[in-house]
Amino acid sequence: MGKSLSEKVIAEHLVEGRMEHGEQIGLRIDHTLTQDSTGTLAYLEFEAMGVPRVKTKLSLSFVDHNTLQNDFRNADDHRYLQGVAAKYGIVFSRPSNGICHQLYLERFARPAYTLLGSDSHTPTAGGMGMIAVGAGGLDVAVAMAGEPFYLEMPSIMGVKLTGTLSPFVSAKDVILEVLRKLSVRGGVNRILEYFGTGVRTLSIPERGTIANMGTETGATTSIFPSDEVTRAFLKGQGREDQWIELRADDGVRYSEVLEVNLKEIEPLIALPHSPDNVKTVSEVEGTPVDQVCIGSCTNSSLRDLKMVAALLKDKKINNNVSLTISPGSRQVLENLTASGELVHLIRAGARVLENACGPCIGIGQAPPTNGVSLRTFNRNFLGRSGTQSAKVYLVSPETAVASALYGEITDPRKLGKYPEISLSEKFVINDNMFIFPTEEVHVTEIVRGPNIKPLPSFQPIADRLRGEVLLKLSDNVSTDDILPGGSEILSLRSNIPEISKYAFRYVDSSFVDRALKKGGGFIVGGENYGQGSSREHAALAPKYLGVKAIIAKSFARIHFANLINFGIIPLTFADKKDYTSIVQGDVLELDAKDLKKALCIKNVTRNVEIRVALVISDHDRAVLEGGGKLSAVNCRLKGQVTSALSDLFS
Ligand code: MIC
Ligand code: SF4
């Protein structure tokens with residue numbers, strides 16, 4: 001039987017385990033990336049390991065999330081990150097150089113490599129034939145220290161693309177179609193591997209868009225073959241020598257195959273408040289729009305902004321719409337400037353913002369009260385825009401422009417003549433906002449501002465856990481619910497005691513006080529608990545507030561790993577019906593002395609026993625029992641392997 005593309009890349013990097021679905025595997029990581037809002041913690045963790053220099057082929061630190069400097073805090077974070085990069089041999093991308101995933105795709109991604117990034121949209125690089133996975137900062141720090149990355153071997157789902165996209169339909173519509181079919185949890189513990197004749201009709205930025213938003217299905221990653229289109233893109237970036245051909249063997253058998261005929265897709269839109277709430281644009285046409293935001297790591301490439309420029313040329317946006325455009329990178333902006341296309345954006349009335357994440361994570365541009373905001377982004381969770389009452393819809397750049405011009409949700413096919421967009425044979429390249437590390441290390445002291453606090457240390461898990469159910473939640477709780485974004489909260493990312501005060505802020509503003517008053521306790525969740533971001537803070541803040549275990553119907557992959565890394569026990573109901581037998585405020589008791597045996601929670605208030613499961617590998621159990629990953633890794637790196645960890649590293 002032939003091998004899938006994913007298996008080929010994984011096999012080349014496999015250092016532990018068998019490539020069988022469900023098995024724990026260890027992967028050698030070639031490249032790592034971090035961004036500022038997860039990076040400060042990741043580097044504090046890396047520093048704590050005492051490794052003198054990163055051990056990867058390449059590690060990158062981007063400043064793209066919180067570039068707003070309302071006070072000293074973000075500027076201090078940026079300075080800290082720059083110092084760390086210089087000291088430990090990491091490439092530093094300065095603020096406003098662009099969004100990590102766009103920059104990585106342009107300048108560093110290469111077929112058949114592995115990438116681990118402390119951002120959930122790291123799979124964007126799968127558009128270039130890589131195994132690129134998002135993870136918590138600590139896992140990335142561990143990879144920088146040269147250790148393998150452990151994960152459950154996903155099943156490989158083939159996504160067969162046939163046909164060609166129709167005019168005004170683009171990559172965003174393809175991934176919205178996939179989301180419509182799979183939902184926000186259909187990809188969990190799967191790799192989405194694209195194949196079929198439709199693949200070669202898609203450019204690298206389009207493949208990047210699809211791989212990027214595969215994250216919203218919960219997939220471990222997405223991957224495309226590396227073909228002549230890949231080669232042409234790399235050539236345009238002056239990196240043709242990094243190209244190799246890569247595709248699945250003939251006769252490969254995927255665990256499942258999803259068929260998507262590109263020809264049949266029409267413009268799609270995700271309705272509030274979930275990326276899988278997908279309808280055709282024509283179904284909601286005519287809804288008045290207050291704001292349109294173009295950008296984010298999903299849709300801010302040169303291909304996308306050239307399309308936007310062509311569609312806006314000689315037109316003016318509607319008087320009731322605020323249109324913002326955040327280019328994905330300085331390269332995108334420079335190319336648009338050199339070609340003269342930037343003027344079409346400006347003349348039409350667009351507000352051109354910084355090359356950064358910006359409104360995607362609530363850094364400015366909150367919509368008005370009850371406002372309708374159309375965004376080319378990847379997430380529309382309630383409140384993420386900064387306005388709780390706003391309704392955020394996710395669309396392609398084509399639909400975004402049509403709606404900005406008409407002032408209401410509009411099918412872009414109304415725009416008439418479809419402009420043909422071709423990517424330049426050679427991009428204007430300018431790497432001067434990257435600071436490349438030198439062999440010689442000049443940095444003796446890393447400057448830490450007053451908001452950069454040491455990592456809190458936690459006690460190992462007690463033998464007997466008792467406490468109240470502090471919060472009972474429903475399905476698909478996102479990390480934005482657990483610990484929101486926005487400029488105010490993001491500026492506290494390097495200060496766990498302070499940021500913890502914002503846990504569940506918009507879900508239940510009394511949660512923090514209750515947790516502190518009760519000395520911690522439990523949280524109960526539904527399906528897909530912790531979907532969304534890779535932020536470790538969504539595990540660290542509850543931990544800091546004394547949360548001992550989370551009992552849910554199922555978990556999202558990255559958050560599940562983060563809970564283990566920081567010593568919160570992630571339990572699933574053995575029988576999902578038992579979810580109804582717990583009420584917020586109930587007192588629960590768990591014997592956690594031996595996490596290997598079958599676990600049972602006692603609901604003391606209702607005097608019932610609830611069977612729960614801890615579905616983790618021996619490796620993860622050892623991490624949990626040893627008081628979290630940092631201490632486990634430190635033991636390993638310092639050669640002090642304790643008995644609890646002996647299995648782990650033998
Ligand atoms: C996001 O899109 O939610 C973020 C902000 O990029 C996060 C990372 C973070 O919280 O810093 C992600 O996707 O991992
Ligand atoms: Fe940035 Fe938004 Fe992409 Fe997250 S999803 S990396 S906030 S642009």
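Numbering of residues starts from 1 in each chain and follows the order in which that chain's sequence is written. Chain A is the first chain written and ligand 1 is the first ligand written, with later ones labelled in order. For this predicted model, a pLDDT threshold of at least 70 governs which residues receive local features, and a threshold of 80 or more governs which side-chain atom pairs are given and counted, while totals over whole chains, interfaces and linings are taken from all residues. Computation of side-chain values: all heavy atoms of the structure, hydrogens and water removed.

Participant: Help me understand the site of ligand 1 in this model?
Facilitator: Surrounding ligand 1, one finds 14 residues, the nearest of these being His65, Asp119, Ser120, Ser534 and Arg535. One of the side-chain N or O atoms of Arg384 is found 2.8 Å from an oxygen atom in ligand 1. Side-chain atoms alone can form a polar contact between residues adjacent in sequence; in general such a contact is a pair of N or O atoms within 3.5 Å, and within protein one must be able to donate a hydrogen while the other accepts it. Contacts to ligand 1 include Ser534, whose backbone N or O atom sits 2.8 Å from an oxygen atom. Note that accessible areas follow from Shrake-Rupley with a 1.4 Å probe, and for residues the cover is restricted to the protein chains shown. Relative to its unbound accessible surface of 330 Å², ligand 1 loses 97% to contact with the protein. For each residue, the test is whether any non-hydrogen atom lies within 4 Å of the molecule or strand; if one does, the residue is near.

Participant: Would you mind going over the packing of helix α7 (residues 204-214) against helix α8 (residues 228-236) with me for this structure?
Facilitator: When two helices pack together, their arrangement is given by the angle between the helix axes and by the axis-to-axis distance. The axes used here are C-alpha line fits, helices contributing only the stretch in contact, and every angle between their N-to-C directions lies in the interval 0 to 180 degrees. By definition, any uninterrupted DSSP run of H or I lasting at least four residues is a helix, any uninterrupted run of E lasting at least two residues is a strand, and each is numbered from the N terminus. Following both chains from N to C, one finds α7 and α8 inclined at 110 degrees, their axes separated by 9 Å at the closest point. Classified by the interaxial angle, the pair formed by α7 and α8 is roughly perpendicular. Between α7 and α8, the residues in contact are Ile204, Pro205 and Arg207 and Val229, Thr230 and Phe233, respectively. Under the grouping applied here, Gly and all other residues not named as nonpolar or charged are polar, the nonpolar ones being Ala, Val, Leu, Ile, Met, Phe, Trp, Tyr, Cys and Pro and the charged ones Asp, Glu, Lys and Arg. Residue composition of the contact of α7 with α8, grouped by class: 4 nonpolar, 1 polar and 1 charged. Roughly parallel covers angles under 35 degrees, roughly antiparallel covers those over 145, roughly perpendicular covers 65 to 115, and oblique covers all other angles. Two residues form a contact once any of their heavy atoms are found within 4.5 Å.

Participant: In this structure, what is going on with the site of ligand 2? I would like to understand it.
Facilitator: Taken together, the neighbourhood of ligand 2 is formed by His65, His101, Asp119, His121, Ser296, Cys297, Cys357, Cys360, Ile361, Asn378 and Arg384. Here the residues of the shell around ligand 2 are counted per class, giving 4 nonpolar, 5 polar and 2 charged.

Participant: Help me out: how do you make sense of the packing of helix α10 (residues 302-312) against helix α11 (residues 330-339) in this one?
Facilitator: Between α10 and α11, the least distance of the axes is 10 Å, while the angle of their chain directions is 40 degrees. With respect to each other, α10 and α11 are oriented oblique. The interaxial crossing formed by α10 with α11 has right-handed handedness. Contacts between α10 and α11 involve Leu302, Leu305 and Lys306 from the first element and Val332, Asn335 and Leu336 from the second. Split into classes, the residues belonging to the contact of α10 with α11 amount to 4 nonpolar, 1 polar and 1 charged. Crossing handedness is read from the near helix: turned anticlockwise from the far helix by less than a right angle, it gives a left-handed crossing, and turned clockwise, a right-handed one.

Participant: How should the nonpolar core be read in this particular structure?
Facilitator: One broad rule of soluble globular proteins: the nonpolar side chains tend to lie buried together. Residues enter a nonpolar core if they are buried and are Ala, Val, Leu, Ile, Met, Phe, Trp, Tyr or Cys, with the set joined through side-chain atoms within 4.5 Å. Using a 1.4 Å probe on the protein chains alone, a residue whose accessible area is under 20% of its type maximum counts as buried, one over 50% counts as exposed, and one in between counts as partly exposed. Grouped together as the largest cluster of nonpolar side chains are 103 residues, with contacts concentrated most on Phe504, Phe511, Ile523, Tyr529, Ile551, Ile569 and Leu571. The biggest single contributor to this core is helix α5 (residues 137-144), with 6 residues. Those residues in contact with Phe511, other than ones at most four positions away along the chain, are Leu470, Leu471, Ala503, Phe504, Ile523, Leu545 and Val547. With 59 residues, the next largest nonpolar core counts Leu60, Phe62, Leu323 and Leu415 among its residues.

Participant: Explain the sheet that holds strand β27 (residues 608-613) here, please?
Facilitator: Each strand in a sheet pairs with its neighbour through backbone hydrogen bonds, running either in the same direction (parallel) or in the opposite one (antiparallel). Strand order in the closed barrel formed by 7 strands is β21-β22-β23-β24-β27-β26-β25, with mixed pairing between adjacent strands. Each neighbouring strand pair of the sheet contributes to a mean axis angle of 40 degrees, computed without reference to strand direction. When DSSP locates at least two bridges between a pair of strands, those strands are taken to pair. Alignment of strand β26 (residues 599-603) against β27, held across 5 bridges, turns out to be antiparallel. The residue of β27 that forms the bridge with Asn603 is Val608.

Participant: Would you explain unusual backbone geometry in this entry?
Facilitator: For residues other than glycine, phi is negative in most cases, and the peptide bonds are mostly trans. Cis rather than trans, the peptide bond between Pro272 and His273 has omega equal to -5 degrees. Here His273 lies in the loop between β13 (268-270) and β14 (278-280). Non-glycine residue Phe168 carries a positive phi angle of around 70 degrees. In this structure, Phe168 sits in the loop between β9 (155-162) and α6 (171-182). One non-glycine residue, Asn607, lies in positive phi territory at about 55 degrees. As for its placement among the helices and strands, Asn607 is situated in the loop between β26 and β27. When its relative accessible area of 58% is taken as the criterion, Asn607 is described as exposed.

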